[in-house]
Structures are given as structure tokens and as C-alpha cells.
Amino acid sequence: MVRSGPEVADIFRRYGEAYRAQHTSLSTAQRRVMTAIELCRTAALGGHVEACDQCGHRRIAFNSCRDRHCPRCQSLARAQWLEDRRAELLDTQYFHVVFTLPEAIAAIAYHNKALVYGLLFRATAETLRTIAADPRHLGAEIGFFAVLHTWGQNLLHHPHLHCVVPGGGFSPDGTRWIACKPGFFLPVRVLSRLFRRLFLQHLEKAFNAGKLQFFSDLQRLNWRSAFRRYLAPLRKTDWVVYAKPPFAGPEQVLDYVGRYTHRVAISNNRLVDVEDGAVRFRWKDYRHGDRQKVMTVSADEFIRRFLLHVLPEGFHRIRYYGFLGNRYREQKLAHCRDLLGMPVPEPSDSRAPKEYRDRYEELTGRSLRQGPACRQGQMITIETFDGFTEPPPYRDTS
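Residues numbered from 1 in each chain as written. Predicted model: local features only at pLDDT ≥ 70, side-chain atom pairs only at ≥ 80, totals over all residues. Heavy atoms only, no water.

> Give a description of the sheet that holds strand 10 (residues 278-285) that names residues and reports values.
Strand order in the open sheet made by the three strands is 9-10-11, with antiparallel pairing throughout. Whereas interior strands pair on both sides, the edge strands pair on one side only; in this sheet they are strand 9 (271-275) and strand 11 (291-298). Neighbouring strand axes in the sheet, compared pairwise and without regard to direction, differ in orientation by 25° on average. Packed on one face of the sheet, helix 1 (residues 8-22) meets strand 9 and strand 10 and runs near 15° to strand 9. Strands in contact with helix 9 (residues 299-307) are strand 9, strand 10 and strand 11; relative to strand 11, the strand with the most contacts, it is inclined by about 110°. (Pairing = 2+ DSSP bridges. Helix = DSSP H or I, 4+ residues; strand = E, 2+ residues; numbered from the N terminus. Axes fitted to C-alpha atoms, helices over the stretch in contact; angles between N-to-C directions. Contact = heavy atoms within 4.5 Å.)

Right, dumping it as C-alpha cells:
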């Protein structure tokens, strides 16, 4: 389906070259993401020609860039991830807990993304597992996955983790399932205080080991005394840990979480228009009753905000812990099902990998093969072509 409205790619194609020329300090990863989005679904990446076997209608389909930051390239990856997680659902409550870094820490994170984002995952996981294992609260080994988001609705830097947690775990001796109280997971104030303490401990260790870098307005933090003064107020403020209402059931988990796992900083459908060097996009103002508003920024500022959220190469933004940890997930999930009295799931299809259009239809229920003109035939590939060695010049025809 072809969009009629503006896309992030349009902004990059119109203004990206000038932005790169003006901002020479862009990282290699940021430049690569810009180029990937600019070339996505264009002749530069090659593609194929399809024809309807009933009416003869033809269309050209260009290849996608498959970059995880691209708004157009997440639907199949999201659908496949959700299908993989479906087999792991347990017959229990599920909770959604959000851990957010204060603005002062987010400023440090911007220049130390891989390190500080990694500490966010580490402190969050240690907090949840420690409090859950405490017999005063739950007294069980839990499992969960966490998804990193680095943006707010206004596209500014706002690192936080969305954690999806089954409401219970198995006892220390592994002989029984311990369930949370209905509608209640763990005390938020206790989580918040431990999260604050653990994160600041890890951050100080990183500083003492010389692993943190400070630039521009934060350059003074290279001095130990200034760094300690900077952190001092953060030890006394409440850090935001938010437990959302529990999901209605395991199946609702996937419908809801699908909005989070492969989301990018801004989707194309939030863009209103791009005119005269300005970008208008919709956003939700959480501080004023979740009101829907439209924000206008210059194209340069839009690109700057979008690139704030380019992740370090090789950085995993979805991670698994406890009995959902990758190493022993299959065995521990089997044990959980046994304790919960759940049937053994049917084995997954181990046949040869399917063509991407077949997988897309199987996972989403939407066909990429149906003839768009007659709605009766199937689109058949009749020709393939390679991309250009050099990207074609962009021509703004608006």
C-alpha cells in the first residue's frame, strides 16, 4: 500500500544532504541510517516487476533497506517477533512496568549511549529480580523482557525501558509456582529506590574506570568533584518507575506490546506536512491531559531530533531475563508450564524458510500478492533488477 502523505524519507531526501554538509560531526551510524532511509524502496536498492496473472496489471516493487530505524521496514520483523513470543505465553497475569532515566542522566547518556543504555538494562533487571526474589514481596524467580525506547512524543531524548513481566515465578526450590496478588505486581516505591541506588552505583564505577566521556556543557564532569556534585541531587529525588494496569489476559499482551517492540522514533502516519523547510507532526502532550497537538519544527531540527535515537551498531534494544533469558529459556518455560498445568505447545514448523510475502500474509493476515486492480488474481514476479552502484540523484518535484 502506497502512502499519499509525507514520510521521514521525504524529509531526508530534501534536506539530508545540506544537513550532512553542515553537521560534519555526525557519527558513521547516523550517516548510515540517513542513507538507508533515503534509499529505501527506491531503484537504488533494486527490486522486481510483478504482473497480475488475471488482468495483467503490472507494478514495480523496490527493495527495502531493512534498517531498524526506518519507519517503513518494521512490519514483517514485528510480526515475526510477535509470532515467536506467542508460543512463550504463560497462563498467568502480565504486567507492564516502565523505568525512566532522569533528564540529568539522559544528558550523560547522549554522549555515552552504549554504556549508559547498557547500565539502564542492567539496573532494571537487577531491580526487578532482586525485589521479586525477596520473600517479603514475592519470593520467586521471575522472567521478563525489556524494550528500550529513547524518545518522547516530541522526539526529544527520553531514555526508558518498557518491561513486560508475567505475574509470578517459581519458588527458590523450583517445586511450585508463586503467583502475584490479583492486579498487583511489586511495590513501585521499593522498585524506584533500588533502581536509583543500583544505577548510580554502576554509573560511578564506570566513571572511576574512565569509561565515561563528557563534552560541551558537561565537560566539567570530567573532574571527580564536579561529577559527584552533579549526581548529589539525583540521590534524593524520586526516579520514575511506573507500573501500568495489568493486561486483561496473555493474548492482549502481544497485541499491546506489538506497538512497542519494533517502534521507531516517529512513524510516518504522525507526519502532517513538509513545506518551506518546516515539518509538522502530531504528538500527544502527556503533561496536559494526553491532548493531541501538532508541533512545527524546522527540517534541520526534525532531522536532529530523529538522529538522537540512532542506536550504537550491534546494540540489542530488546533483552530477556530470568526464566525468559536466552540461554535456558526453553527448559525453564517448560518447567513453568508444568507448574501452571499448561499443555505442551505444538512444535513450530521446521520446514524450509518461506518467501517473505508468504510469511507476511501468514503472520499478519494481509496479502502482498493479491492483484490491486482486479482483486482476483495473484501478482507474479516476472523480472528482477539490481540496484545502482551509486544512488540516483534526488529531485524535489514539489
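> Give me the lowdown on the packing of aromatic side chains, citing residues and values where you can.
Inspection of the entire model under this criterion finds 18 aromatic pairs. Measuring from ring centre to ring centre gives 6.2 Å for tryptophan 177 and phenylalanine 323, while their planes differ by 55°; the resulting arrangement is tilted. One end of the pair, tryptophan 177, is in strand 7 (residues 177-179); the other, phenylalanine 323, is in the loop between strand 12 (318-322) and helix 10 (329-340), and 146 residues separate them in sequence. Among the residues examined, tryptophan 177 registers a relative accessible area of 14% and is labelled buried. Judged by centre distance (6.3 Å) and plane angle (55°), the rings of phenylalanine 195 and phenylalanine 199 are tilted. (Phe/Tyr/Trp six-rings, centres within 6.5 Å; stacked < 30°, edge-to-face > 60°. Buried < 20%, exposed > 50% of the residue type's maximum accessible area, 1.4 Å probe, protein only.)

> Talk me through unusual backbone geometry; I want residue IDs and the actual numbers.
Backbone geometry places arginine 66, a non-glycine residue, at a positive phi of 65°. Considering the arrangement of structural elements, one finds arginine 66 in the loop between strand 2 (58-62) and helix 3 (75-86). For arginine 66, a relative accessible area of 72% gives the class exposed. The backbone phi angle of leucine 155 is positive, close to 75°, even though this residue is not glycine. Leucine 155 sits in the buried class, given a relative accessible area of 0%.

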